Amino acid sequence: MTREKMVLLVTVLTLTTVFGQNKKEVCDCPKTQYAGTKADTTFRLSNGKKIALCGTRNPASKPATYSEFVLAVCGQDSIIDFWNASLTCRLKVNKDTLLVNRLQNLPIGEGFKSKETVWSTDKIYFSGQKAEKKLVVNRNIRKYTKATIQTVLKSYETAKPGIDESKMVLANRLFVAAISGDIKAREYFKQFKTKFGTLDGAFAEEYNDLTSMLALWDKAE
């Protein structure tokens with residue numbers, strides 16, 4: 001083999017090695033109490049910034065969703081934030097912004113069918129080298145018609161005492177009626193806490209989550 005061919009071969013092997021390393025390059029997250037340091041996914045923004053996700057991928061979901069995870073800028077020793085186990089999120093890149101869509105099942109389908117929808121979005125973007133986070137509520141969630149709202153109000157007014165799963169279904173419908181702009185539905189939703197009996201356990205947690213969502217909806221107006 002001539003000297004020229006030897007140099008060419010070495011160059012090709014070197015470039016192959018370098019590009020191979022770049023292709024496999026993965027950044028991990030700093031050590032925290034919230035999640036491990038091994039990145040499940042790395043998101044590359046159009047400005048060249050890379051953000052690592054470390055945490056729990058929900059195995060049955062397609063496209064992938066995540067709960068109880070952190071996001072961290074590659075190469076930085078602190079996290080952007082932590083999203084807890086109560087949240088179900090789907091992430092995607094929109095140019096120079098990472099969108100963390102918080103999903104919620106709401107009774108907004110035909111016949112009050114529960115439908116997964118984007119409730120709010122954390123927008124992750126950069127100001128210089130610093131990652132910024134802005135929470136935006138989805139104002140385009142399907143609203144109830146006046147006739148549908150009247151059906152919900154009547155269901156509340158004729159419901160019998162006692163807390164069970166059907167009452168929590170009603171609470172969710174009152175919530176949607178409230179964000180649809182109905183004042184009476186909003187009043188009924190607030191009364192719900194004591195209307196049918198004492199809320200505790202999972203039922204209390206669900207109602208408190210809806211209450212927080214309504215407060216966020218009002219704040220975002």
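These numbers come from a predicted model, not from an experiment. Residue positions within a chain follow its written sequence, with the count starting from 1. pLDDT decides what is reported in this predicted model: residues at 70 or higher carry local features, side-chain atom pairs at 80 or more are listed and counted, and totals for whole chains, interfaces and linings draw on all residues regardless. Computation of side-chain values: all heavy atoms of the structure, hydrogens and water removed.

Enquirer: An account of the environment of Thr 32 is requested, with residue identities and associated values reported.
Expert: By definition, any uninterrupted DSSP run of H or I lasting at least four residues is a helix, any uninterrupted run of E lasting at least two residues is a strand, and each is numbered from the N terminus. Structurally, Thr 32 can be placed in the loop between helix H1 (3-24) and strand S1 (41-44). Overall, the relative accessible area of 25% leaves Thr 32 in the partly exposed class. Residues Thr 32 and Ser 78, 46 residues apart in the sequence, show an inter-C-alpha distance of 8.7 Å. Pairs of N or O atoms within 3.5 Å make up the polar contacts considered here, provided that, within protein, one atom can donate a hydrogen while the other can accept it, and that residues adjacent in sequence are counted only when both atoms are side-chain atoms. One polar contact links the side chain of Thr 32 to the main-chain amide nitrogen of Tyr 34, over a distance of 3.2 Å. Burial here depends on accessible area, computed with a 1.4 Å probe over protein chains only, as a share of the maximum for the residue type. Under 20% is buried, over 50% is exposed, and the range in between is partly exposed.

Enquirer: Before we move on, could you go through the environment of Ala 35 and cite the residues and values that matter?
Expert: Tracing the backbone through its elements, the reader meets Ala 35 in the loop between H1 and S1. Sequence separation between Ala 35 and Leu 53 is 18 residues, and the spatial gap between their C-alpha atoms is 9.6 Å. Apart from residues no more than four positions distant in its own chain, Ala 35 is found in contact with Cys 54, Gly 55 and Val 70. In this description, contact between two residues means that some pair of their heavy atoms is separated by no more than 4.5 Å.

Enquirer: How would you explain the pairing of strand S7 (residues 115-127) if you had to name every residue and give the values?
Expert: By the convention used here, strands pair only if DSSP detects at least 2 bridges between them. With 9 bridges joining them, strand S6 (residues 97-106) and S7 adopt antiparallel strand pairing. When the bridges of S7 are listed, Leu 99 appears paired with Lys 123. By the bridge criterion, 8 bridges tie S7 to strand S8 (residues 130-137) in an arrangement that is antiparallel. Pairing of Tyr 125 across the sheet is with Glu 132, part of S8. Counting the residues in the hairpin turn of S7 and S8 gives 2 residues, including Gly 128, whose phi is positive at 70 degrees.

Enquirer: Please provide a residue-by-residue account of the state of the cysteines, values included.
Expert: In what follows, a disulfide is any cysteine sulfur pair within 2.5 Å. Overall, the coordinates contain 2 disulfides when judged by the stated rule. Each sulfur of the disulfide joining Cys 27 and Cys 74 lies 1.7 Å from the other. Taken as a pair, Cys 27 in the loop between H1 and S1 and Cys 74 in the loop between strand S3 (65-73) and strand S4 (79-83) lie far apart in primary sequence, 47 residues in all. Comparing Cys 27 with Cys 74, the two get one shared label, buried. The residue that forms a disulfide with Cys 29 is Cys 54, at a sulfur-sulfur distance of 2.1 Å.

Enquirer: Go over the pairing of S1, please, and point to the residues and values.
Expert: Of the two faces of S1, the one lined by Thr 41 and Phe 43 is fully buried and the one lined by Thr 42 and Arg 44 carries no buried residue. Bridge count for S1 against strand S2 (residues 50-58) is 4 bridges, and the pairing is antiparallel. Bridge pairing links Arg 44 to Lys 50 in S2. As consecutive antiparallel partners, S1 and S2 are separated by 5 residues, and within that stretch Gly 48 has a phi angle of approximately 90 degrees, a positive value.

Enquirer: I'd like a description of the nonpolar core, backed by residues and values.
Expert: Residue types Ala, Val, Leu, Ile, Met, Phe, Trp, Tyr and Cys, when buried and joined through side-chain atoms within 4.5 Å, form a set referred to as a nonpolar core. By size, the foremost hydrophobic cluster in this structure holds 32 residues, and its most contacted members are Trp 119, Tyr 144, Tyr 156, Leu 174, Phe 175, Phe 189 and Phe 192. When residues of this core are traced back to their parent elements, those giving at least two are helix H2 (146-158), helix H3 (165-179), helix H4 (183-195) and helix H5 (201-219). Examining the composition of this core, we find that 9 residues originate from one element, H3, more than from any other. If we ignore the near neighbours within four places in the chain, the residues touching Tyr 144 are Pro 107, Ile 108, Phe 112, Ile 149, Val 152, Arg 173, Val 176, Ala 177 and Ser 180.

Enquirer: With reference to specific residues and values, describe H5.
Expert: Think of an α-helix as turning once every 3.6 residues; residues three or four places apart then point the same way. Over its 19 residues, H5 extends 27 Å from the first C-alpha to the last, a length consistent with the 27 Å expected when each residue adds 1.5 Å. All of the buried residues in H5 are Ala 204, Tyr 207, Leu 210, Met 213, Leu 214 and Trp 217. Against the buried residues of H5 lie S6, S7, S8, H3 and H4. Multiplying 1.5 Å by the helix residue count minus one yields the expected span of that helix.

Enquirer: Lay out the pattern of salt bridges in plain terms, naming residues and giving numbers.
Expert: Any Lys or Arg side-chain nitrogen located within 4 Å of an Asp or Glu carboxyl oxygen qualifies as a salt bridge. Tallied over the full model, the rule gives 7 salt bridges. Here Glu 116 ties to Arg 90 by a salt bridge, and the two come within 3.6 Å at their closest N and O atoms. Here Glu 116 is found in strand S7, whereas its partner Arg 90 is found in strand S5 (residues 89-94), with 26 residues between them in sequence. Classification of Glu 116 as partly exposed rests on a relative accessible area of 43%. Assessed through its relative accessible area of 23%, Arg 90 is described here as partly exposed. When the shortest N-O distance is used, the salt bridge between Lys 133 and Asp 122 registers 4.0 Å. Of this pair, Lys 133 sits in strand S8 while Asp 122 sits in strand S7, and the two are 11 residues apart along the sequence.

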